[in-house]
Amino acid sequence: MQFSLIAVGRARKGPEKALYDHYRTRLRWPLDLIEVDLRKAIEPMEKRREAEAALILDALPQGAVLVALDERGKQLGSRDFAGKINEWQDQGERHTALVIGGADGLDQSVRDRARLLLSYGKATCPHMLVRAMAAEQIYRAQTILDGHPYHRD
């Protein structure tokens, strides 16, 4: 399985980026970071979300399963997330793209296109930290599916 993480905004150096890189380098599965960013301020918020959605959907690798990280999504345990990945692999899917929206969230067009709306909980987290959390959950899923003891119940 190949993964892409499509994120609105540019990564900055710091502990969150270092943590993301730590898990990305531990993965056997390829993980590409695709950053999209508006080059100009757009108001109102709805128009900005629409413009970000266009960039996200344009960056989406062809044929990839879209997983939108959204506060209204399902909260899956790590084993359940690994099960989804395993299910998609069994269906012949080869690429999964996780999407992190901008500060104002995701446009409905991205949520509608997603095969899975996934939430990491009700708390609001910094987007740079969410990147690290996504990389860790992909790594954890890989170890679960490999039967590695990294994940413990």
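Residues numbered from 1 in each chain as written. Predicted model: local features only at pLDDT ≥ 70, side-chain atom pairs only at ≥ 80, totals over all residues. Heavy atoms only, no water.

**Quick notes on the layout of surface pockets**
Gaps between atoms show up when a probe of the same size as a water molecule is rolled over them.
Part 1: In this structure, the largest pocket spans a volume of roughly 490 Å³.
Part 2: Residue assignment for the lining of the largest pocket shows that the elements contributing at least two residues are β3 (65-74) and α5 (127-146).
Part 3: Of all the elements, β3 adds the most residues to the lining of the largest pocket, at four residues.
Part 4: For the lining of the largest pocket, the per-class residue count stands at nine nonpolar, seven polar and seven charged. (1 Å grid on protein atoms, 1.4 Å probe; cavity = no way out; pocket = protein on both sides within 12 Å on 5 of 7 lines; lining within 4 Å. Points joined across faces, edges and corners; volume = space filled by probe spheres on them. Helix = DSSP H or I, 4+ residues; strand = E, 2+ residues; numbered from the N terminus. Nonpolar A, V, L, I, M, F, W, Y, C, P; charged D, E, K, R; others polar.)

**Let's talk about unusual backbone geometry**
Part 1: Cis geometry is found at the peptide bond from Glu43 to Pro44, where omega equals -5°.
Part 2: On the secondary structure map, Pro44 appears in the loop between β2 (31-36) and α2 (45-59).

**Focus on the pattern of salt bridges**
Two side chains bearing opposite charge may form a pair once their charged atoms approach each other closely.
Part 1: Tallied over the entire structure, the rule returns eleven salt bridges.
Part 2: Close ionic contact of Arg131 with Glu35 constitutes a salt bridge, the shortest N to O distance being 2.7 Å. Of this pair, Arg131 sits in helix α5 while Glu35 is found in strand β2, placing the two residues 96 residues apart along the sequence.
Part 3: Between Arg48 and Asp104 there is a salt bridge; the shortest N-O distance is 2.3 Å. Here Arg48, found in helix α2, pairs with Asp104, found in the loop between β4 (95-100) and α4 (108-113); they are 56 residues apart in sequence, far enough to count as distant.
Part 4: On the accessibility criterion, Arg48 (18% relative accessible area) is buried.
Part 5: Judged by its relative accessible area of 28%, Asp104 falls in the partly exposed class.
Part 6: Connected via shared salt-bridge partners are Arg10, Glu35 and Arg131. (Salt bridge = Lys/Arg side-chain N within 4 Å of Asp/Glu carboxyl O. Buried < 20%, exposed > 50% of the residue type's maximum accessible area, 1.4 Å probe, protein only.)

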